Amino acid sequence: METPIDISEDAGIRYLHFGSDWVQGAMRIRKPDALVLEYTRELLAGLLLRPAPWPRRILLIGLGAGSLSRYIHRHLPEARSTVVEIAPEVHMVAHQYFRLPTEDERFEVVIADGAEFMNRSEHGPWDLIVVDGFDRHARAGALAQQPFYAACRARLSPEGLVAVNMFGELRGFKAQAKRFTDAFDGQTLFLPPCESGNVVALGRGEVPVCVPFTELQARDKALKAATGLGLAPTLKRIKGSRGASLLQGDSLRF
């Protein structure tokens, strides 16, 4: 069954919808490489958690409007990225309306089921796996199940990170979060919810994350100066989340 696709524009931003009001992606028409939606910026929070030149190999599950692909292709020239998208019509629309980069030695699109792709032993290891796959009803299906999360973990490099877009306002969020946590044996971090209700969950490979908060702030300033991606609001929410900081001591650790 083909994915129903609608496109809307408002205030200089083009939006992708899958036959509903849910926004599946967005692009600022005059600045196509900018990450418009807050949760897409937070899916790249790993850029603050590992020192450059990390990541070298990136896997994106779910193409949408190609926001992350555009950013990575322009601003992470040393990285090679692969996007897995289940719906060929989404790939076509991303090319036609959302300036998806042309495939080359640094960028490829694979039309396949993300969960099945992850189970193939020949793929990986990956430094960064980003999972952002939903249907028109905001359901992630197999991409929200523990076997998929376990497969992601198994395909990580030692310093690898997995970033998953979850929707904290859905009824099944707590169960999904537990499946993710169990798959990573508790080596996870859940960023405070965005205004949209999205929650970005992070899981790591063998190497722990331990970054002083002052270093996170310095990396954020450098990243914003170099690429325009700023995560200062995210860092502020981390420091004061729910009245109790996610920090351990003066560092972010998991």
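Details of the structure are given in the entry above.
Residues numbered from 1 in each chain as written. Predicted model: local features only at pLDDT ≥ 70, side-chain atom pairs only at ≥ 80, totals over all residues. Heavy atoms only, no water.

What about the pattern of salt bridges?
Quick note on the threshold: Just to be clear on terms, a salt bridge is a Lys or Arg side-chain nitrogen sitting within 4 Å of an Asp or Glu carboxyl oxygen. By the criteria applied, helices consist of DSSP H or I runs no shorter than four residues and strands consist of E runs no shorter than two, each listed in order from the N terminus. Each residue's exposure class comes from its accessible area (1.4 Å probe, protein chains only) as a fraction of the maximum for that residue type: buried when under 20%, exposed when over 50%, partly exposed otherwise.
Scanning all chains against the criterion turns up eight salt bridges. Residue E78 is joined to R56 by a salt bridge in which the shortest nitrogen-to-oxygen separation is 3.6 Å. Note that E78 is positioned in the loop between helix 3 (67-75) and strand 5 (80-85) and R56 in the loop between helix 2 (46-49) and strand 4 (57-61), a separation of 22 residues in sequence. A relative accessible area of 51% means that E78 is categorised as exposed. Residue R56 is classed as partly exposed on the basis of its relative accessible area of 41%. Residue E215 pairs with R219 through a salt bridge whose shortest N-O separation is 3.0 Å. On the criterion of helical spacing, the pair formed by E215 and R219 is a turn pair, its members being four residues apart in helix 8 (residues 213-227). Here E215 falls in the partly exposed class, since its relative accessible area comes to 33%. Here the salt bridges do not stand alone but share partners, grouping E38, E42 and R237 into one network.

Description of the pairing of strand 3 (residues 23-28)
Applicable threshold: Strand pairing is assigned whenever DSSP detects at least two bridges linking the two strands.
Across five bridges, the pairing between strand 2 (residues 13-17) and strand 3 is antiparallel. When the sheet's bridge partners are listed, I13 is paired in strand 3 with R28. Hairpin remark: strand 2 followed by strand 3, antiparallel, with five residues in the connecting loop; positive phi at G19, about 70 degrees.

What about the sheet that holds strand 5?
Where we set the bar: Axis geometry follows a simple rule: fit a line to the C-alpha atoms, using only the stretch in contact for helices, then measure angles between N-to-C directions, giving values from 0 to 180 degrees.
A sheet is described by the order of its strands in space; here seven strands give the open sequence 6-5-4-7-8-10-9, paired in mixed fashion. Edge positions in the sheet fall to strand 6 (107-111) and strand 9 (188-190), since each of these pairs with one other strand and no more. With direction set aside, neighbouring strand axes in the sheet form an average angle of 15 degrees. Pairing of strand 7 (residues 126-131) with strand 8 (residues 156-167), which is carried by five bridges, proceeds in the parallel orientation. Residue pairing across strands places V130 opposite A163, the latter belonging to strand 8.

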